[in-house]
Amino acid sequence: QLHYIFSSIIAITLILVVCFIVGLLIRTRFGNFAYRFLEDNFLKRIPFYKIIKETVIQLFGNQKTLFSAVALVNLFGNGNLVTAFVTDEHDNGYCTVFVPSGPAPTAGFVYHVKNEFVQKVDYPMDQAMRLIISLGSGSRALMKSVRIKDTRGKE
């Protein structure tokens, strides 16, 4: 039992040290060149590599997020609300929202909805992502900040 715990600690430590060293190497001029060479000649040939890379960078990277706000949307005008992310707002009284499907927040649907059916919520983007990944578990905090509207979009 003790050997198993000791070997697990060594393995985890070794993995962390290797990741740290690779991260340091990538920051050097030679490491950056080697990474670009590897990516251009091998990784980009793997199916879906580019899509997965861009999605991961968008979700966890330092780039500006695609979403401007978290919202609850009355999609079908029947009072049922879906958690969505506002991606664009238009001058014609509509906005574009992305409704992710759990537990994979990168899959979902894009809707163009009248503004009256979109209620932006003061809720952190990362918390909303966790809510989607957890299939709605813990949505009490999100729903506390909501003014419920009737089926015509009025309060």
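This is a predicted model, so every value here is computed, not measured.

## Some points on the packing of aromatic side chains
At step 1: On inspection of all chains with the given rule, the structure shows one aromatic pair.
At step 2: Ring geometry for phenylalanine 109 against tyrosine 111: centres 6.4 Å apart, planes inclined by 45 degrees, an arrangement best described as tilted.
At step 3: By relative accessible area, which is 26% here, tyrosine 111 ends up partly exposed.

## With respect to the sheet that holds strand S4 (residues 108-114)
At step 1: The five strands lie next to each other as S4-S3-S2-S1-S5, forming an open sheet whose pairing is antiparallel. On the outer flanks of this sheet lie S4 and strand S5 (118-121), each paired with one strand and no other. Pairwise comparison of adjacent strand axes, ignoring direction, gives a mean angle of 40 degrees for this sheet.
At step 2: Direction of pairing for strand S3 (residues 94-100) relative to S4: antiparallel, over a ladder of seven bridges. Bridge pairing in S4 places cysteine 95 opposite valine 113.
At step 3: Against the sheet, helix H4 (residues 125-133) engages strand S1 (69-73), strand S2 (82-89) and S3, with an angle of about 135 degrees to S2.

## A closer look at the environment of glutamate 39
At step 1: Within the secondary structure layout, glutamate 39 lies in helix H2 (residues 29-41).
At step 2: Separated by ten residues in sequence, glutamate 39 and tyrosine 49 place their C-alpha atoms 9.7 Å apart.
At step 3: With sequence-adjacent residues up to four places away left out, glutamate 39 is seen in contact with Lys44, Tyr49 and Lys53.

## Some thoughts on the pattern of salt bridges
At step 1: Summed over all chains, the structure comprises four salt bridges.
At step 2: Put simply, glutamate 39 and arginine 36 hold a salt bridge, and the shortest N to O gap is 3.6 Å. In this pair, glutamate 39 and arginine 36 both sit in helix H2, three residues apart, roughly one turn of the helix.
At step 3: Residue arginine 36 is classed as partly exposed on the basis of its relative accessible area of 41%.
At step 4: Close ionic contact of aspartate 40 with lysine 44 constitutes a salt bridge, the shortest N to O distance being 3.2 Å.
At step 5: Looking at lysine 44, the relative accessible area reads 52%, which means it is exposed.

## Regarding the confidence of the model for the protein chain
At step 1: Per-residue pLDDT for the protein chain has a mean of 82; in total, 86% of the residues score no lower than 70.
At step 2: No element of the protein chain has a lower mean pLDDT than helix H3 (residues 49-60), at 74, and none a higher one than helix H1 (residues 2-27), at 91.

Criteria and thresholds
- Residues numbered from 1 in each chain as written.
- Predicted model: local features only at pLDDT ≥ 70, side-chain atom pairs only at ≥ 80, totals over all residues.
- Heavy atoms only, no water.
- Phe/Tyr/Trp six-rings, centres within 6.5 Å; stacked < 30°, edge-to-face > 60°.
- Buried < 20%, exposed > 50% of the residue type's maximum accessible area, 1.4 Å probe, protein only.
- Pairing = 2+ DSSP bridges.
- Helix = DSSP H or I, 4+ residues; strand = E, 2+ residues; numbered from the N terminus.
- Axes fitted to C-alpha atoms, helices over the stretch in contact; angles between N-to-C directions.
- Contact = heavy atoms within 4.5 Å.
- Salt bridge = Lys/Arg side-chain N within 4 Å of Asp/Glu carboxyl O.
- pLDDT = per-residue confidence, 0-100.

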